Structures are given as structure tokens and as C-alpha cells.
Amino acid sequence: MPLAQNPLSVEVEVPREDVALITVDGYLDVDTATEFQAHLANQLHHGRRHFLLDLSSVPFMDSSGMNIILRVYQETRRTAGSVHVISPTPAVRRVLDLTGVSITVPISESVEEALARADDMPDTPEEPGVQSA
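Residues numbered from 1 in each chain as written. Predicted model: local features only at pLDDT ≥ 70, side-chain atom pairs only at ≥ 80, totals over all residues. Heavy atoms only, no water.

Visitor: Tell me about the packing of helix 1 (residues 33-45) against helix 2 (residues 63-77), and name the residues and values.
Guide: The interhelical angle for the contact between helix 1 and helix 2, taken along N-to-C directions, is 10 degrees, at an axis separation of 10 Å. It follows from the interaxial angle that helix 1 and helix 2 lie roughly parallel. Contacts between helix 1 and helix 2 involve A33, F36, Q37, L40 and L44 on the former and, on the latter, S64, G65, I68, I69, R71, V72, E75 and T76. A class-by-class count of the residues in the contact of helix 1 with helix 2 yields seven nonpolar, four polar and two charged. (Axes fitted to C-alpha atoms, helices over the stretch in contact; angles between N-to-C directions. Helix = DSSP H or I, 4+ residues; strand = E, 2+ residues; numbered from the N terminus. Parallel < 35°, antiparallel > 145°, perpendicular 65-115°, else oblique. Contact = heavy atoms within 4.5 Å. Nonpolar A, V, L, I, M, F, W, Y, C, P; charged D, E, K, R; others polar.)

Dropping the structure here:
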């Protein structure tokens, strides 16, 4: 079996008990999305509510990666959590902007900015079917 053409590297740090900083390096596409999703699911399982996704080393992301970001966003909203994208490359930022994901999922320029935004989140979970103002 040949090695993947565009391997993905995912590093997870836990700056606080409820926060996972996930640094992604490589192509986030249909071939690598499962690995990315497994890391996020593991952090959800361990009680992380806030996800800081550093995409500064992702040269390409397709709808597979975008859908995983949206799924973890939906999961975190149930626990009064949040998802923040940090420093996406121009190609990834374009995908997030064109699809409207950047309207829903905040984009930060640094880990510190994303952490501050996570701290500003309300502590009450969203009720299903109710949109926050």
C-alpha cells in the first residue's frame, strides 16, 4: 500500500482543561479528513468544550475538512463551547469565506486572540432549534 501523497500531521495541546489547541499541517481533504476528525472526537470525548484550530500550515482544504469543522462547531454549541480557526492560509480562508463558514466560526490571528474569544463565550449551552442573537 503506497504512502499518502499529502500526509497530514495533527498536534494536540491542552492549554486549559476545557480547551484543545489543534495544530494541523498538510492537506485537509477527503484522504486525510478521517484522521482530523478522530483527533477532534477524542478531545470531545475528554470533555474539551473549546477548540482552537490552527490552520496556518494547511495549504489546501476541501469540503471534507470544512464539514468536520462545522460538525465540531455544532457539537460544541451543545456544551456552551466554541470553535475558533487560527491564521488560515489564503486558500483555506477563501474556502471558509466563500462557503460562509467564516461567518459562523470565528477566525483569529493568534492563539491568544482565540483564547480570549473562547473566554468571552456564554456558559449556557444553546438549545436545539434556537438561534442566538
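That covers the picture; the talk isn't over yet.
Visitor: Got a sec to walk through the packing of aromatic side chains? Specific residues and values, please.
Guide: For the structure shown, the criterion picks out one aromatic pair. With centroids separated by 6.0 Å and ring planes inclined at 35 degrees, the aromatic side chains of Y27 and F60 adopt a geometry described as tilted. Of the two residues, Y27 is situated in the loop between strand 2 (19-25) and helix 1 and F60 in the loop between strand 3 (50-57) and helix 2; the sequence distance between them amounts to 33 residues. (Phe/Tyr/Trp six-rings, centres within 6.5 Å; stacked < 30°, edge-to-face > 60°.)

Visitor: Outline the sheet that holds strand 2, listing residues and values.
Guide: On the basis of which strands lie adjacent, the open sheet formed by five strands has the order 1-2-3-4-5 and mixed pairing. Whereas interior strands pair on both sides, the edge strands pair on one side only; in this sheet they are strand 1 (9-16) and strand 5 (107-108). Two strands pair when backbone bridges link them, and strand 3 and strand 4 (residues 82-86) are joined in this way by five bridges, in the parallel orientation. For D54, the partnering residue across the bridge sits in strand 4 and is I86. Along the sheet, helix 5 (residues 111-119) makes contact with strand 1, strand 2, strand 3, strand 4 and strand 5, crossing strand 4 at roughly 165 degrees. (Pairing = 2+ DSSP bridges.)

Keep in mind these values describe shape, not function.
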